[in-house]
Amino acid sequence: MTATASIEFSVTPSTNRRSEEDRAKILANPGFGVNFSDHMVGIDWSVDLGWHNARVQPYGPLSLDPACSVLHYAQEIFEGLKAYRHADGSVWAFRPQANAARMQRSAERLALPPLPEAEFLESIRQLIMVDKDWVPSAPETSLYLRPFTIASERFLGVRAAQKASYYVIASPAGAYFPKGVAPVSIWVSEHYTRAARGGTGAAKCGGNYSASLLPQQEAYKHGCSQVLFLDAVDGTYLEELGGMNLFLVRKDGSLLTPSLTGSILEGVTRDSLIQLAKDQGRVVEERQITLEEVQVGMNNGEIAEAFACGTAAVITPICSIKGKGFVAGRDDAPAGELTMSLRKALTDIQYGRAGDPHGWMMRLA
Ligand code: COI
């Protein structure tokens, strides 16, 4: 049972909505993260007032004081989830309660105010109510929702801000990678790590992603689409990719994924795939995995498939994992069979083509 939001949202409709024709053109080829719907949600927070001023407003630039601590100390967190259009025209979110809970954990780690689940869910519902025409209906498309909270107090001292603002923006989305679900190569970073023990690795905060950009560029230079980080203590164990979790499939059909050690993001897609694989009677091992085990396994066939997963990328097959002086797998390896069947099982639920045995879907419109 989800609680009812205790704050009311005001709605200021945009006077500058995109024409139906412009919107149709965008939805026909949405790409990822380049176009945005006509409205956004904002909710302010202060120590004195708590959460207040909940509103749906026209999408547009924020006005921020240059001394806001988000601009200096990166006190910021975000989420990513999608709204899916089903064949009957209805619009649904996938496990939004899991995003609400993770955002609360991220808020705690970044010393930001946690938004109650009811307000988080209502903020998404409110945005969809005004912008439901922005949810595309073509196969594999969705409306990507990006809630985020920033420290908005004007103060340069280093302490938790006493004012913050939460927003939700929405962006029609197709495939995250330009080549769609074609298999990608992954580059193992030798010099850089993503998250230290006791750091912010399990939080969804902007700083984790900005720190991944330089190693990500290194990956591009080597013809790879994503960087894979190893643990910061020993440089031995797989952690996660720049913006996604990682799975390996053994030749016996069992799955293997790095365990949540505190420095890995607790992916909602990761968690859902573990459940779906277990529903199929598969063994899923969550444990520390050495790079050596992957190098050996991908080359002797013990590891038959690998894939990346996340809300944005859904499931993207991995054909090879490379690093300084080694290649595991082959650049021309096709997408794995189990990888693609898990992708189908997940997206069938999300798009309403299959039943929803775990009650993961929440109707928005
Ligand atoms: C997501 O999969 O939603 C992410 O947040 C990854 C990336 C786009 C930052």
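Coordinates for the structure precede this section.
The text that follows walks through the structure, step by step, so that each part is easy to find.

Structural notes on unusual backbone geometry
Working step 1: In the Ramachandran plot, Ala-74 falls in the positive-phi region, its phi being about 55 degrees despite a non-glycine side chain.
Working step 2: In this structure, Ala-74 sits in the loop between helix 2 (69–73) and strand 4 (76–78).

Examining the site of the ligand
Working step 1: Near the ligand you find Phe-78, Gly-80, Tyr-144, Arg-146, Tyr-176, Lys-204, Tyr-209, Gly-243, Gly-310, Thr-311 and Ala-312, and these make up its full shell.
Working step 2: Note that an oxygen atom of the ligand is positioned 2.8 Å from one of the backbone N or O atoms of Ala-312.
Working step 3: Calculation on the ligand without its partners gives an accessible area of 280 Å², and the protein chains cover 89% of this total.
Working step 4: Class assignment for the residues of the shell around the ligand results in five nonpolar, four polar and two charged.
Working step 5: The residues that make up the shell around the ligand include at least three from each of domain 1 (10–175) and domain 2 (184–350).

So, the packing of aromatic side chains
How two aromatic rings sit relative to each other is given by the distance of their centres and the angle of their planes.
Working step 1: Per the counting criterion, the structure on display carries 11 aromatic pairs.
Working step 2: Taking 5.3 Å as the distance between ring centres and 85 degrees as the angle between the ring planes, the aromatic pair formed by Tyr-176 and Phe-177 counts as edge-to-face.
Working step 3: Given a relative accessible area of 8%, Phe-177 falls into the buried group.
Working step 4: Measuring from ring centre to ring centre gives 5.0 Å for Phe-247 and Phe-307, while their planes differ by 10 degrees; the resulting arrangement is stacked. Residue Phe-247 is found in strand 12 (residues 245–250), and its partner Phe-307 is found in strand 15 (residues 303–310); the two are separated by 60 residues along the sequence.
Working step 5: Given the relative accessible area of 0%, Phe-247 is considered buried.

Some details on the side chain of Arg-95
Working step 1: Here Arg-95 lies in the loop between strand 6 (91–94) and helix 3 (96–109).
Working step 2: A polar atom in the side chain of Arg-95 sits 2.8 Å from the side chain of Ser-272.
Working step 3: What Arg-95 contacts, discounting residues up to four positions off in sequence, is Val-268, Asp-271, Ser-272 and Trp-360.

Observations regarding the pattern of salt bridges
Working step 1: This structure, assessed with the given rule, holds 20 salt bridges.
Working step 2: In this structure, Glu-302 and Lys-251 form a salt bridge, with 3.6 Å as the shortest nitrogen-oxygen distance. On the criterion of sequence distance, the pair formed by Glu-302 in the loop between helix 8 (291–300) and strand 15 and Lys-251 in the loop between strand 12 and strand 13 (255–258) is long-range, its members being 51 residues apart.
Working step 3: Lys-251 sits in the exposed class, given a relative accessible area of 62%.
Working step 4: Note that Glu-285 and Arg-287 form a salt bridge whose closest N and O atoms lie 2.7 Å from each other.
Working step 5: Taken together, the shared-partner salt bridges connect Arg-250, Glu-285, Arg-287 and Glu-293 into one network.

As for helix 7 (residues 268–279)
The α-helix winds at 3.6 residues per turn, so residues separated by three or four positions along the chain end up facing the same way.
Working step 1: Taking 1.5 Å of rise per residue, 12 residues should cover 16 Å, and helix 7 covers 16 Å from first to last C-alpha, within 8% of that figure.
Working step 2: Along helix 7, the residues that are buried comprise Val-268, Thr-269, Arg-270, Ser-272, Leu-273, Ile-274, Leu-276 and Ala-277.
Working step 3: Looking at the residues trailing helix 7, positive phi occurs at Gly-281, about 80 degrees.

Section: helix 4 (residues 117–131)
Working step 1: Between the first and last C-alpha of helix 4 there are 21 Å, a value that for 15 residues agrees with the 21 Å anticipated at 1.5 Å per step.
Working step 2: Summarising burial for helix 4: 11 of the 15 residues are buried, a large majority.
Working step 3: Those residues of helix 4 that sit buried are Ala-118, Glu-119, Phe-120, Leu-121, Glu-122, Ser-123, Ile-124, Gln-126, Leu-127, Ile-128 and Asp-131.

What counts and how
Residues numbered from 1 in each chain as written. Predicted model: local features only at pLDDT ≥ 70, side-chain atom pairs only at ≥ 80, totals over all residues. Heavy atoms only, no water. Helix = DSSP H or I, 4+ residues; strand = E, 2+ residues; numbered from the N terminus. Near = heavy atom within 4 Å. Polar contact = N/O pair within 3.5 Å; in protein donor to acceptor, adjacent residues only side chain to side chain. Areas by Shrake-Rupley, 256 points an atom, 1.4 Å probe, with all protein chains shown as cover. Nonpolar A, V, L, I, M, F, W, Y, C, P; charged D, E, K, R; others polar. Domains from an automatic or database assignment. Phe/Tyr/Trp six-rings, centres within 6.5 Å; stacked < 30°, edge-to-face > 60°. Buried < 20%, exposed > 50% of the residue type's maximum accessible area, 1.4 Å probe, protein only. Contact = heavy atoms within 4.5 Å. Salt bridge = Lys/Arg side-chain N within 4 Å of Asp/Glu carboxyl O. Expected span 1.5 Å × (residues − 1).

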